[in-house]
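Listed here are the chains, written in short residue letters.
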Amino acid sequence: MRRRLYQKQNCHLFFRYDCEKIWSTFEQAYVGQDPCNVSMGAYDPLIAAAPFRPACNRMMFWSKTKEVVHDFTEKRDCFLTLEDTLLGSVLDGLTWCGKQGSSETFTAGCPGWTDCSNNPVRSFWNRASAAFADVACGDVTAMLNGSITTPFSPTSIFASIEVKRFNSTMMRSLNVVLVTQESTVTNCTNASLKDLQKELDEGIKYNCKEVIQECSSNPEKPCGACW
Ligand code: AVW
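The rules we used
- Residues numbered from 1 in each chain as written.
- Predicted model: local features only at pLDDT ≥ 70, side-chain atom pairs only at ≥ 80, totals over all residues.
- Heavy atoms only, no water.
- Helix = DSSP H or I, 4+ residues; strand = E, 2+ residues; numbered from the N terminus.
- Buried < 20%, exposed > 50% of the residue type's maximum accessible area, 1.4 Å probe, protein only.
- Contact = heavy atoms within 4.5 Å.
- Areas by Shrake-Rupley, 256 points an atom, 1.4 Å probe, with all protein chains shown as cover.
- Phe/Tyr/Trp six-rings, centres within 6.5 Å; stacked < 30°, edge-to-face > 60°.
- Core = buried A, V, L, I, M, F, W, Y, C linked by side-chain atoms within 4.5 Å.

## A word on the overall build of the chain
Broken down by element type, the chain carries nine helices and four strands. Ordered by position from N to C terminus, the α and β elements of the chain give α-α-α-β-α-α-α-β-α-β-α-β-α. The buried share of the chain, reckoned over its 227 residues, is 48%. Here the analysis covers contacts within the chain between residues at least 6 apart in sequence; of these, 74% occur between residues at least 24 apart. Summed over all atoms, the accessible surface of the chain reaches about 11700 Å², with 49% contributed by carbon and sulfur.

Encoded structure:
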């Protein structure tokens, strides 16, 4: 039902995609599987069926800033997050899993994010993040949280998957926007950000700017006006 509704409402936006094929490749990743044993690789056919296109100079990564980053990108067209892509926008906020011996998709009673690491939802976001980072090109932006002590957390998807896949043959720079949400706890000299710089390929330039949330989500400001 949800699928039909989605197709009706959104397929025209993605006219180059074959929605029936994408849906069946999506299902194949988890239907009939133990919901704690779905690997990232299970989504390879899905990513191949709905590949991410590089959007050079517009790609926005984030960590611990989910609300503020989407508040910001929603109001302007200048940046593209994973959640603005076909797969990201459809699956954001959803829970799904299968069951061994069943051909159904369940949306309740599925393992939570940390219940087991190879759950269908987490593996999807890991795989999709990897694919999104694989096409990162030009000047890339990352919105990190300046109200926590470790804005570049080793266990985050951004640190453990995305940064590791940034490729200097395609990417010119990584521009960190450190957003202060409630109170300023860290600045660009933060130790975890030094780790981030070390992780980057030599050919990728690194910049960091501190901004306050009010500025980053202000719809009046044009692209880049805040930093
Ligand atoms: P995040 P990431 N329980 O803000 O760098 C439930 O840490 O990891 O940023 N849900 C969770 C949990 C948890 N313990 N941990 C993470 N999540 C989910 C894709 C939750 O939905 C984009 F391209 C949370 O809002 C970004 O550059 C989300 O994962 C990058 O990966 C993000 O956790 C953000 O991942």
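## A closer look at the packing of aromatic side chains
Throughout the structure, instances matching the rule amount to 13 aromatic pairs. Between Tyr-43 and Phe-124, the ring centres sit 5.5 Å apart and the planes meet at 75°, which makes this aromatic pair edge-to-face. Here Tyr-43 is found in the loop between α2 (19–30) and α3 (44–49), whereas its partner Phe-124 is found in helix α6 (residues 120–134), with 81 residues between them in sequence. We classify Tyr-43 as buried; its relative accessible area is 0%. Measuring from centroid to centroid gives 6.3 Å for Phe-158 and Phe-166, while their planes differ by 65°, and the two rings are edge-to-face. Assessed through its relative accessible area of 4%, Phe-166 is described here as buried.

## Concerning the nonpolar core
Grouped together as the largest cluster of nonpolar side chains are 47 residues, with contacts concentrated most on Phe-61, Phe-158, Phe-166, Leu-174 and Leu-196. Within the residue set of this core, elements represented by two or more residues are α2, α3, α5 (86–91), α6, β2 (138–145), α7 (157–165), β3 (171–180) and α8 (191–199). When residues of this core are assigned to their parent elements, the largest contribution, seven residues, is made by α6. Not counting chain neighbours up to four residues away, the residues in contact with Phe-158 comprise Phe-61, Trp-62, Ser-63, Ala-142, Leu-144, Phe-152, Val-163, Phe-166, Leu-174 and Leu-196.

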